[in-house]
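Each chain is listed here by its residues.
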Amino acid sequence: MYCNFLNKGATRWLLSSILIFSSNQVFAMGECGLSCCLAGANSSGVTLAKNFGLAVQYEYSDMVTIRNGTNSVTPDQVIDQHWNMGSSYSVPTKMIMEKLSFIGAYPVNERWQILGIVPLVRNQMDMRQKSGMGMVMNMTMDTISGLGDMSALALYTAYTDAPVRPKERLTLGFGVKMPTGSNDARKSNGDLVHAMMQLGSESWDGLFTLNYMRAWYPLVTQVNAFYHLTTEGDGGYEFGNQYGVDVVGRYQVSNYVNLGLEANVIHADRDKDHNGNFSAPVTSMVDNTANTGLTSVFVSPGIQVKIPDSGGSVGLKYQHPVRQDVNGYQQVLDGRWLATVSWAW
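Quick look at the structure, then.

Cut-off values and rules
Residues numbered from 1 in each chain as written. Predicted model: local features only at pLDDT ≥ 70, side-chain atom pairs only at ≥ 80, totals over all residues. Heavy atoms only, no water. Pairing = 2+ DSSP bridges. Helix = DSSP H or I, 4+ residues; strand = E, 2+ residues; numbered from the N terminus. Salt bridge = Lys/Arg side-chain N within 4 Å of Asp/Glu carboxyl O. Buried < 20%, exposed > 50% of the residue type's maximum accessible area, 1.4 Å probe, protein only. Contact = heavy atoms within 4.5 Å. Core = buried A, V, L, I, M, F, W, Y, C linked by side-chain atoms within 4.5 Å. Phe/Tyr/Trp six-rings, centres within 6.5 Å; stacked < 30°, edge-to-face > 60°. Lys NZ or Arg CZ within 6 Å of the ring centre and 35° of its normal. Axes fitted to C-alpha atoms, helices over the stretch in contact; angles between N-to-C directions.

**Comments concerning unusual backbone geometry**
Logical step 1: The linkage connecting tyrosine 217 with the following residue, proline 218, adopts the cis geometry, with an omega of 10°.
Logical step 2: Its identity is not glycine, yet glutamate 202 carries a phi of approximately 55°, on the positive side.

Shown next, in the form of structure tokens:
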């Protein structure tokens, strides 16, 4: 999913396309995928608007594989290693995370642009539990859905060699993720739902981006960097800081079709549960901060089709992990589809 260059270049930029979120711990940070929203804004054409741009992006993330470091393990292997007689132990067997994001862009002047992201989140998880007496049971958690954490960013074009269809451009961005999504959903027994399944983090986080674009039309390349500075939420849980770099290439094969390919690297630090509200390491794989933090590499092909004689476009992208190195035991991303419809006025 890749957009053409700006017809008002100094007021536009290409947002960082960091494809984070290969571990379940990352998803709860105000989304199911803040960085995927930024990538969607970049690729959909929402930032092309002279007056206002709007994009609607749907994400579907499928997670089954469990890794220990870089090795794949089965749920039963994890249970056998951690279960003790007299105490139950649970492991996720499948997670489906969906998000519908509304992304709006407003150009303030020739250098500044404001971007807003409003996500609706839906999280599902299947579990396998071995009871204290040794009985193994499969179960499905209640679906968690609702408003996630909203974000706002200010984008500044620091350099461009031309106001229209530039060959080179450097853009900086900074913003904030707001605690609009709740993190107090509870199970039927009254215990808090796992931290990564909550709708938000209840924390105010800093967002920083850098984008360098170099074009050899019809080929366009860019390098993006992204930093998510996290803070402690009101429940005492603090997700790890996140760092990402990606390299993007896209080629305009016709007036209405763009093809692209991305290579993305992401690192997330370990989480911290300052008050212990979300921690149960003896009985649950996912309620253990030792099982957080990772480094992942993705390859992501995509296509964007523009609607003739309009400001609209439709895009589709698939994110495929090629390497995942996690701390402890984590259920990781097996694949993600992103579909976007956008319009620029």
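Now that the structure has been shown, the text picks up again.
**A look at the pairing of strand β10 (residues 205–216)**
Logical step 1: Pairing between strand β9 (residues 168–177) and β10: 10 bridges, direction antiparallel. Looking at β10, one finds that arginine 169 is bridged to methionine 213.
Logical step 2: Note that β10 and strand β11 (residues 219–229) share 11 bridges and pair antiparallel. When the sheet's bridge partners are listed, asparagine 211 is paired in β11 with asparagine 224.
Logical step 3: Between β10 and β11, which pair antiparallel and follow one another directly, the connecting turn spans two residues.

**Here we look at the pattern of salt bridges**
Logical step 1: Taken as a whole and judged by the stated rule, the model has eight salt bridges.
Logical step 2: Across the salt bridge formed by arginine 122 and glutamate 98, the nearest N and O atoms sit 3.0 Å from each other. Separated by 24 residues along the polypeptide, arginine 122 in strand β5 (residues 112–130) and glutamate 98 in strand β4 (residues 89–107) bring together distant segments of the chain.
Logical step 3: Under the relative-accessibility criterion, arginine 122 is labelled partly exposed at 37%.
Logical step 4: When its relative accessible area of 15% is taken as the criterion, glutamate 98 is described as buried.
Logical step 5: With a shortest N-O distance of 3.9 Å, lysine 177 and aspartate 205 are connected by a salt bridge. Here aspartate 205 lies in strand β10 and lysine 177 lies in strand β9, a separation of 28 residues in the sequence.
Logical step 6: The class for lysine 177 is buried, based on a relative accessible area of 0%.
Logical step 7: The exposure class assigned to aspartate 205 is buried, which follows from its relative accessible area of 2%.
Logical step 8: Salt bridges here are not isolated pairs; linked through shared partners, they connect Glu59, Lys99 and Arg336.

**Quick look at the environment of aspartate 191**
Logical step 1: The topology assignment puts aspartate 191 in the loop between β9 and β10.
Logical step 2: On the basis of relative accessibility, which here comes to 42%, the residue aspartate 191 falls in the partly exposed class.
Logical step 3: Aside from chain neighbours lying at most four places away, what touches aspartate 191 is Ala185 and Arg186.

**Topic: the nonpolar core**
Logical step 1: Within the largest apolar cluster, 26 residues are counted, with the highest numbers of intra-cluster contacts made by Val78, Met197 and Met285.
Logical step 2: Breaking this core down by element, the ones donating at least two residues are α3 (75–82), β4 and β5.
Logical step 3: For methionine 197, the contacting residues outside a window of four places in its chain are Met95, Met97, Asn123, Gln124, Met125, Met141 and Ile144.

**What to know about the packing of aromatic side chains**
Logical step 1: Enumeration according to the criterion identifies eight aromatic pairs in this entry.
Logical step 2: Plain terms: the ring middles of tryptophan 112 and tyrosine 156 are 4.8 Å apart, the flat faces sit at 40° to each other, and that makes the pair tilted. With a gap of 44 residues between them, tryptophan 112 in strand β5 and tyrosine 156 in strand β8 (residues 151–160) connect regions that are remote in the sequence.
Logical step 3: Ring centres of tyrosine 318 and tryptophan 337 lie 4.7 Å apart, and the angle between their planes is 45°; this geometry places the pair in the tilted category. Of this pair, tyrosine 318 sits in strand β17 (residues 312–326) while tryptophan 337 sits in strand β19 (residues 335–344); the two residues are 19 residues apart in sequence, bridging distant segments of the chain.
Logical step 4: Three or more aromatic residues link up through ring pairs in this structure, and these residues are Trp112, Tyr156 and Phe174.
Logical step 5: One residue, lysine 130, lies across the ring of tryptophan 83, its end atom 4.1 Å from the ring centre.
Logical step 6: The positively charged end of arginine 165 is found above the aromatic ring belonging to tyrosine 217, 3.8 Å away from the centroid.

**What to know about the sheet that holds strand β18 (residues 329–331)**
Logical step 1: The strand order β3-β2-β18 describes an open sheet built from three strands, whose pairing is antiparallel. Pairing within the sheet leaves two strands with one partner each, and these edge strands are β3 (71–73) and β18. Across this sheet, the average inter-strand angle for adjacent strands is 40°, counted without regard to direction.
Logical step 2: Taken together, the three bridges between strand β2 (residues 66–68) and β3 define a ladder with antiparallel strand orientation. Along β3, the bridge assignment pairs asparagine 68 with asparagine 71.

**Re the pairing of β19**
A regular strand places its side chains on the two faces of the sheet in alternate fashion.
Logical step 1: In this sheet, β19 lies alongside strand β1 (residues 53–63) in antiparallel orientation, the contact comprising 10 bridges. Of the residues in β19, the one forming a bridge with valine 56 is valine 341.
Logical step 2: As defined by bridge partners, β17 adjoins β19 across eight bridges and the pair is classed as antiparallel. When the sheet's bridge partners are listed, glycine 312 is paired in β19 with tryptophan 343.

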